Amino acid sequence: MRRRFHAFEHCDIQKSSAGSDAEIRKSLQGKEVSGMKRSIVWFFALTMYIYALPSGINQIIGKSGIPKKDISIYIKEAGSSKRVVASLNADRSRTPASVVKVLSTYAAVLKLGFNYRWPTKFYRRGKIKDGVLYGDLLVKGFGDPTLSNKDLPTIVEHIKAKGIQKITGNIVIDRSYFKVGTKDNSGFDQHTYSPYNAMPDAMMFNERVSTICITPKKNVVTKEIPDASYRVVNKLKPVNKPCRGRYSWPSFKVDKKQNPTTVLLKGPISKRCGTRKLCQVITKPYKSFYYALKDALQKSNVLVQGGFRLNKIPKDAKELFTHTSRPLEKIISKTAKKSNNLYARHILLLLGAKLYGAPATLSKGRQAVEYILKSRGALKSGPLHIDNGCGLSRSSRLTAKLLADILDDAYRRYGQRWMNTLSIAGVDGTIKRRFRGTIVRKRAWMKTGTLKRVKNIAGYVKSRNGRVYTAVILVNTTKGRWKAAQLQNNIIKWLVSYKGRGVYTAKTEPKSMPLPDKTGQKKPSPQAKSVRYSIQAGSFSKPPNDYYLSNISKLGLTYRIKKEDGYKVFIGSYTGKDTAEEVLKKVREKISSGAFLVEEKNAAGRKSATLY
């Protein structure tokens, strides 16, 4: 028994109400300790493992000037390994800031796959005859956050390929796939028009950003793309001063009470400055899309006689073509690497619509992310509130352990492919400069999160000996974000040079009395890990129709069809019976009241099934 405590001797351990090391050792030395007392001792031994910190990390924390109560750390060997290197306040609820983006981006990969592409659909209403569309051109947005003026040439070519050279009607836009209101910005802080505050929309365009180009030398102001939904009033005063300080950038004011919205440029600016681009959230994305598309069509000799209309696509509209985004893999990479808030909001809403039907809402999105992660076994119990999915929130909450569990699951399933969607130390994204010229360069794949009094980082670190670690360091403190960043940097550098293996926590779990989890249920025995459960949703003499299968997909469930005395539809499988039974309830309610569980055991290469 004593040998098990030798593993602690290199660590500084926080004291708990259980008592000191000496007291625990003394209790272990007693010859008449009952079986129940042994179990209690094992429980506190496990607790001490959980709060163990290597001396190197303890020293780093001590030098940082940040109280331990403000820090949550959970570091372990990545994947299925049970070896924990360091744990401190791992189950304490924290404000995640942008590290919460990991949840929605990973849920999107699980649900949709790396190769999913966002559609934007184009329709016509009316006949096409002799190059003339006698009616409207209609566009339905499905929330592609990447749609931009770069896509317009391709869209125009598709329209022309349908034989359209003239449109007598209007350009009608349908933005009903998202139910998000009409707010342009989140109002999170005083930077009202900053792109990071942009709100989502099903008909997104140029990330809701309007770009005004200013050439001080000529005192010329232009819009990067034609957009009559706002106007610019130039009252700048070019001066012959060095291009620095207050003379280096134009001052502006946005007046949305005017029609159209007016941007007033004012104040002095140096003639010696080069072209300045003012990128701000000024107008509606669907209006910007309309004006840009109409201009691109007319420049390509396609005349549009009508104007702009906002409406749902009518049932009698005929589909022309579908324009698609880049693959989801590229989109979640930008979401994580650049910490793009708008992309994260759109991913959350898309998942809500996919699981619970359109229109997408914030509530549906939150539920969808949690459901996907839980149903795939990635999300364990613990306090969690996702809010808007981008981290620009003070109400979002999670724990270091919960986040590490999700990162571990992603690593097991997708390995390097998933890791590369995160910022690579010293190479790209939010940690490009942070670790440049250090031993961490190209050895860490991380997501960062920053708000006032919040500095977080989470992801993976590869040590010099080739081991990959899942590392989560959350710091919610009033002692300064720069101190928190330095603390994280030093811990990650320490981890790169770490040569140990951590503590194998599974060995500390008592066999006589399994520790309960937070739901009050006993943890499954090792034998239960080999049992999986599927749900038989239906049995048919003919292949099930698309409508039936689509209803399963709308619930966010995966299915397989087995040809055996007809056609049987199975949903899952799931490693835990509790999880499977939760899904079964939903399947019985939404799909088939006669659905039932099938237990599949895999022992010595043989498979058997038990029906419930």
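Residue numbers here run from 1 along each chain, matching the order of that chain's written sequence. With pLDDT at 70 or above as the cut-off, local features in this predicted model cover only qualifying residues; side-chain atom pairs require 80 or more to be listed or tallied, and sums for whole chains, interfaces and linings still use all residues. Heavy atoms throughout the structure, all of them, feed into the side-chain values; hydrogens and water do not.

Caption draft 1: Seen up close, the sheet that holds strand 3 (residues 71–77). On the basis of which strands lie adjacent, the open sheet formed by seven strands has the order 18-19-20-21-3-4-22 and antiparallel pairing. Two strands in the sheet have a free side with no partner beyond their single neighbour: strand 18 (423–424) and strand 22 (503–504). Pairing between two strands requires that DSSP report at least two bridges joining them. Helix and strand assignments follow DSSP, with helices taken as H or I runs no shorter than four residues and strands as E runs no shorter than two, numbered in order from the N terminus. For strand 19 (residues 444–451) and strand 20 (residues 454–462), the ladder comprises eight bridges, and the chain directions are antiparallel. Residue pairing in the sheet places Trp445 in a bridge with Tyr460 of strand 20. In what follows, a contact means two residues having at least one pair of non-hydrogen atoms within 4.5 Å. Simply put, an axis is a line fit to the C-alpha atoms, just over the touching stretch for a helix, and the angle between two N-to-C directions goes from 0 to 180 degrees. On the sheet, helix 13 (residues 481–496) packs against strand 3, strand 4 (83–88), strand 19, strand 20 and strand 21 (468–476) and is oriented at approximately 10 degrees with respect to strand 20.

Caption draft 2: Fine view of the confidence of the model for the chain. Model confidence for the chain is summarised by a mean pLDDT of 87, while 85% of its residues fall at 70 or above. For the stretch residues 507–529, pLDDT sits under 50, and the model shows 25 contacts to residues farther than four places along the chain or on other chains. Confidence drops under pLDDT 50 across residues 602–612; counting only partners more than four residues distant or on other chains, this segment forms 19 contacts. The score called pLDDT rates the predictor's confidence residue by residue, from a low of 0 to a high of 100.

Caption draft 3: Examining the side chain of Ser423 more closely. Within the fold, Ser423 resides in strand 18. Separated by 3.3 Å, the side chain of Ser423 and the backbone oxygen of Lys337 make a polar contact. Under the rule applied, a polar contact is a pair of N or O atoms within 3.5 Å (in protein, one hydrogen donor and one hydrogen acceptor; residues adjacent in sequence only if both atoms are side-chain atoms).

Caption draft 4: Quick look at the nonpolar core. The definition of a nonpolar core used throughout is a set of buried Ala, Val, Leu, Ile, Met, Phe, Trp, Tyr and Cys residues joined through side-chain atoms within 4.5 Å. When a residue's accessible area, from a 1.4 Å probe over protein chains only, is under 20% of the maximum for its type it is buried; when over 50% it is exposed; and in between it is partly exposed. By size, the foremost hydrophobic cluster in this structure holds 79 residues, and its most contacted members are Leu373 and Trp418. The next biggest cluster of nonpolar side chains, apart from the first, holds 30 residues, and it includes Ile57, Ala86, Val475 and Ile492.

Caption draft 5: View of helix 8 (residues 328–337). The buried fraction of helix 8 is high, at seven of ten residues. Among all positions of helix 8, only Leu328, Ile331, Ile332, Ser333, Thr335, Ala336 and Lys337 are buried. Next to the buried residues of helix 8 lie helix 5 (101–112), helix 9 (341–356), helix 12 (416–419), strand 18 and strand 19. Following helix 8 by one or two positions, Ser339 adopts a phi angle in the positive range, close to 50 degrees.

Caption draft 6: Here's a closer look at the environment of Ile173. Relative to the helices and strands, Ile173 is located in strand 8 (residues 171–174). Overall, Ile173 belongs to the buried group, its relative accessible area being 0%. In this structure the C-alpha to C-alpha distance between Ile173 and Met203, which are 30 residues apart in sequence, comes to 7.8 Å. Each residue touching Ile173, except ones within four places of it in the same chain, is listed here: Val139, Met203, Tyr286, Phe289, Tyr290, Phe308, Arg309, Leu310 and Asn311.

Caption draft 7: Representation of the packing of aromatic side chains. Note on aromatic pairs: the rings of Phe, Tyr and Trp (six-membered ring only in Trp) are paired at centre separations within 6.5 Å, and the planes decide the class, stacked below 30 degrees, edge-to-face beyond 60, tilted for the rest. Under the defined criterion, the tally for this structure stands at 16 aromatic pairs. Consider the rings of Tyr116 and Trp118, whose centres lie 6.3 Å apart with planes at 70 degrees: the pair is edge-to-face. On the accessibility criterion, Tyr116 (16% relative accessible area) is buried. On the basis of relative accessible area, Trp118 is assigned to the buried category, the value being 1%. Judged by centre distance (6.4 Å) and plane angle (65 degrees), the rings of Tyr193 and Phe252 are edge-to-face. With a gap of 59 residues between them, Tyr193 in the loop between strand 8 and strand 9 (210–215) and Phe252 in strand 12 (residues 251–255) connect regions that are remote in the sequence. Of the residues examined, Phe252 reaches a relative accessible area of 27% and is grouped as partly exposed. In textbook terms, an aromatic cluster arises when at least three aromatic residues are bridged by ring pairs, as seen for Tyr106, Phe114, Tyr414 and Trp418. Note that Lys223 overlies the ring of Tyr230, its terminal NZ or CZ placed 4.2 Å from the centroid. Over a ring means this: the NZ of a Lys or the CZ of an Arg is within 6 Å of the ring centre and within 35 degrees of the ring normal. The lysine or arginine in question, Lys586, covers the ring of Tyr371, its NZ or CZ lying 4.4 Å from the ring centre.

Caption draft 8: Region of the structure containing the state of the cysteines. Counting rule for disulfides: a pair of cysteine sulfur atoms within 2.5 Å. For the structure shown, the criterion picks out one disulfide. The side chain of Cys243 participates in a disulfide bridge whose partner is Cys273; the two sulfur atoms lie 1.9 Å from each other. Where Cys243 bonds to Cys273 through sulfur, the torsion about that S-S bond is close to 105 degrees, and the disulfide is right-handed. Of the two residues, Cys243 is situated in the loop between strand 11 (230–239) and strand 12 and Cys273 in the loop between strand 13 (261–270) and strand 14 (276–280); the sequence distance between them amounts to 30 residues. Its relative accessible area of 5% is what places Cys273 among the buried residues. A disulfide-free cysteine, Cys213 has its sulfur positioned 7.8 Å from the sulfur of Cys279, the nearest such atom.

Caption draft 9: A look at the pairing of strand 4. Extensive coverage of strand 4 is indicated by the burial of five of its six residues. In the sheet, strand 3 pairs with strand 4 via four bridges, with the strands oriented antiparallel. In the strand pairing of strand 4, Ile75 is matched with Ala86. Hairpin geometry of strand 3 and strand 4 is characterised by an intervening segment of five residues between the two adjacent antiparallel strands and by a positive phi of about 90 degrees at Gly79. Pairing between strand 4 and strand 22: two bridges, direction antiparallel. What sits directly across from Val84, in strand 22, is Val503.

Caption draft 10: Inspection of the side chain of Asn185 at higher detail. Examined against the element boundaries, Asn185 turns out to sit in the loop between strand 8 and strand 9. When its relative accessible area of 15% is taken as the criterion, Asn185 is described as buried. Among the polar contacts made by the side chain of Asn185, one reaches the main-chain amide nitrogen of Gly187 at a distance of 3.0 Å. Not counting residues within four places of it along the chain, the set of residues in contact with Asn185 comprises Thr192, Asn197 and Met199.

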